[in-house]
Amino acid sequence: MKASRISVLVLSLAAAPAFASDLDLSLTNDSVRGQFNVFGNNSDLQLGAGYTYHEGSRHIGNVDFHAQGRTALGNLPTTAGIGMRAIGWDQDHADGGAVGLGGFATVNIPNAPGLSFTGGLHYAPSILSFGDSEDMTSIELRANYRVIRNAEVFAGYRYLNTELEHSSADINLDEGVLAGMKIFF
């Protein structure tokens, strides 16, 4: 009886899907951000969660859900994803959030092994915004270099903007030149 329970346990663990993950840490002059992504062994879906602390006691959290796959731009191998990013932010006298629709693409450069470029864009109109946010735009552009098999460094630019609901003013929740590293496991 005990042997059959162990056999069932071993078989169920072996049948469980394998997952890959990455941890992304980046800095701008005014903020620090961490992002954790999980994707299945067939890489059809990517789930992620992140947190940004911006100087001045602004806290920004995000949850991502993307369908992703491999394609090509011209002859350049590319990984692309389409989906949504839910963003919530909080600071002293205001808070809000949105569910932005959009995606990302990472283009690898075959003639320069380890070099790739990543771009992402998510936009939420007022119908998908809540709290003090009227709309939201998230853009990130990066140049990546794979230093070793399971780690890369990157530099780029991040822009996260929202229009305030009861004002015509925009607020840049996070903006600036960034640098960071990504660890794959």
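How each quantity is defined
Residues numbered from 1 in each chain as written. Predicted model: local features only at pLDDT ≥ 70, side-chain atom pairs only at ≥ 80, totals over all residues. Heavy atoms only, no water. Helix = DSSP H or I, 4+ residues; strand = E, 2+ residues; numbered from the N terminus. Polar contact = N/O pair within 3.5 Å; in protein donor to acceptor, adjacent residues only side chain to side chain. Contact = heavy atoms within 4.5 Å. Salt bridge = Lys/Arg side-chain N within 4 Å of Asp/Glu carboxyl O. Buried < 20%, exposed > 50% of the residue type's maximum accessible area, 1.4 Å probe, protein only. 1 Å grid on protein atoms, 1.4 Å probe; cavity = no way out; pocket = protein on both sides within 12 Å on 5 of 7 lines; lining within 4 Å. Points joined across faces, edges and corners; volume = space filled by probe spheres on them. Nonpolar A, V, L, I, M, F, W, Y, C, P; charged D, E, K, R; others polar. pLDDT = per-residue confidence, 0-100.

## Considerations on the side chain of Thr28
Summarising the element assignment, Thr28 is placed in the loop between strand 1 (19–27) and strand 2 (31–40). A polar contact is formed between the side chain of Thr28 and the backbone nitrogen of Asp30, at a distance of 3.2 Å. Polar side-chain contacts of Thr28 include one of 2.7 Å to the side chain of Ser31. Those residues in contact with Thr28 that lie beyond four places of it in its chain are Arg158, Asp174, Gly176, Val177 and Leu178.

## Structural notes on the pattern of salt bridges
Think of it this way: side chains of opposite charge can pair up when their charged atoms draw near. Within this structure, the stated rule accounts for six salt bridges. With a closest N to O distance of 2.8 Å, Arg85 and Asp64 form a salt bridge. Pair noted here: Arg85 is in strand 5 (residues 76–91) and Asp64 is in strand 4 (residues 58–73), with a separation of 21 residues, a long-range link. Judged by relative accessible area, Arg85 falls into the buried class, the value being 15%. Between Glu140 and Arg142 there is a salt bridge whose closest N-O contact spans 3.1 Å. According to the relative accessible area criterion, Glu140 is buried, its value standing at 14%. Each of Asp24, Glu140, Arg142, Arg158 and Asp174 takes part in salt bridges that share partners, so that together they form one network.

## Considering empty space enclosed by the protein
Taken as a whole and judged by the stated rule, the model has two cavities of 30 Å³ or more. What the largest cavity holds in volume is close to 120 Å³. Lining the largest cavity are Arg33, Thr52, Ile60, Asn62, Arg85, Ile87, Ser138, Ile139, Glu140, Arg158, Leu160 and Asp174. Per-element tally for the lining of the largest cavity: the top contributor is strand 9 (residues 133–148), with three residues. By residue class, the composition of the lining of the largest cavity is four nonpolar, three polar and five charged. Computed from the structure, the second largest cavity encloses a volume of approximately 40 Å³. In terms of lining, the second largest cavity is formed by Arg85, Ile87, Gly100, His122, Tyr123, Ala124, Met136 and Ser138.

## Some points on the environment of Asn144
Counting through the fold element by element, Asn144 comes out in strand 9. Classification of Asn144 as buried rests on a relative accessible area of 2%. Each C-alpha atom of the pair Asn144 and Lys182 lies 9.2 Å from the other, and the pair is 38 residues apart in sequence. Sequence-distant contacts of Asn144, defined by excluding residues within four places in its chain, comprise Gly114, Leu115, Ser116, Phe117, Thr118, Glu152, Val153 and Phe154. Within polar-contact distance, the side chain of Asn144 engages the side chain of Thr118 at 2.8 Å.

## A closer look at the layout of surface pockets
By volume, the largest pocket is sized at about 930 Å³. Along the wall of the largest pocket there are 40 residues; nearest its centre are Asp22, Gln46, Phe104, Thr106 and Lys182. If you list the elements that add at least two residues to the lining of the largest pocket, you get strand 1, strand 2, strand 4, strand 5, strand 6 (94–108), strand 7 (115–124), strand 9 and strand 11 (170–184). A total of seven residues in the lining of the largest pocket trace back to one element, the largest contributor, which is strand 7.

## Let's talk about the confidence of the model for the protein
With 88% of its residues at a pLDDT of at least 70, the protein reaches an overall mean of 89. Across the protein, the element-wise mean pLDDT spans from 45 in helix 1 (residues 2–15) up to 98 in strand 7. Low confidence marks residues 5–16, where pLDDT is under 50. Its contacts with residues over four positions away, or in another chain, come to zero contacts.

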